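Observations on the model geometry
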Amino acid sequence: MVFANEIPKIKVVNEILVKDDVAIVPWLIGNEWKKIQKIKAKYMFGHFELPNFKMNAMVEMPDHGGITAQHLSNPEYVFSGHFHKRQYKGNIHYI
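What counts and how
- Residues numbered from 1 in each chain as written.
- Predicted model: local features only at pLDDT ≥ 70, side-chain atom pairs only at ≥ 80, totals over all residues.
- Heavy atoms only, no water.
- Core = buried A, V, L, I, M, F, W, Y, C linked by side-chain atoms within 4.5 Å.
- Buried < 20%, exposed > 50% of the residue type's maximum accessible area, 1.4 Å probe, protein only.
- Contact = heavy atoms within 4.5 Å.
- Pairing = 2+ DSSP bridges.
- Helix = DSSP H or I, 4+ residues; strand = E, 2+ residues; numbered from the N terminus.
- Axes fitted to C-alpha atoms, helices over the stretch in contact; angles between N-to-C directions.
- Phe/Tyr/Trp six-rings, centres within 6.5 Å; stacked < 30°, edge-to-face > 60°.

**Notes on the nonpolar core**
Soluble globular proteins: nonpolar side chains tend toward being buried together. Among the nonpolar cores identified, the biggest contains 17 residues, and I36, M44, F48, L50, L72, I92 and Y94 are the most heavily contacted of them. Aside from chain neighbours lying at most four places away, what touches I92 is L50, F53, A69, L72, V78 and Q87.

Right, dumping it as structure tokens:
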């Protein structure tokens, strides 16, 4: 992603960024997911791999004991990529 640093008005987010009512959460590694349930923001954008949401093949992501939808209960809206099926449950929207 180094090349993106050369593009004007583009900011590469490598660490959790909270500004005003918006949280941007980059790809989470290891136990980094434990930090997000403390974030207070109205909107959260990330690339989450949440159990009980459907993956590309209409198969639900199993729960492996990591991040869950309950960890994302503080924001009013959570927008995520990762799974290739538009869906939502509660405050979480896969786009």
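**Looking at the sheet that holds strand β4 (residues 77–80)**
Strand order in the open sheet formed by six strands is β1-β2-β3-β4-β6-β5, and the pairing between neighbours is mixed. For this open sheet the edge positions go to β1 (17–19) and β5 (87–89), each flanked by a neighbour on one side alone. Going across the sheet, the axis of each strand differs from the next one's by a mean of 15 degrees, ignoring polarity.

**Some points on the pairing of strand β3 (residues 43–46)**
Side chains M44 and G46 project from β3 onto a buried face, and the interleaved Y43 and F45 project onto a face without burial. Of the strand pairs in this sheet, strand β2 (residues 22–24) and β3 are connected by three bridges, and their pairing is parallel. Bridge assignment links I24 to a residue of β3, and that residue is F45. Relative to β4, β3 is paired through four bridges, and the arrangement is parallel.

**Notes on the packing of aromatic side chains**
Under the counting rule described, the total for this entry stands at five aromatic pairs. An angle of 20 degrees between the planes, with centres 5.3 Å apart, marks the rings of F45 and F79 as stacked. On the criterion of sequence distance, the pair formed by F45 in strand β3 and F79 in strand β4 is long-range, its members being 34 residues apart. Residue classification places F45 among the partly exposed positions, given a relative accessible area of 37%. Arranged with centres 4.9 Å apart and planes meeting at 55 degrees, the rings of F53 and Y94 form a pair that is tilted. With F53 in the loop between β3 and β4 and Y94 in strand β6 (residues 92–94), this residue pair connects regions lying 41 residues apart in the sequence. Across this residue pair, the class does not change: F53 and Y94 are buried. By way of ring pairs, the aromatic residues Y43, F45, Y77 and F79 are connected into one cluster.

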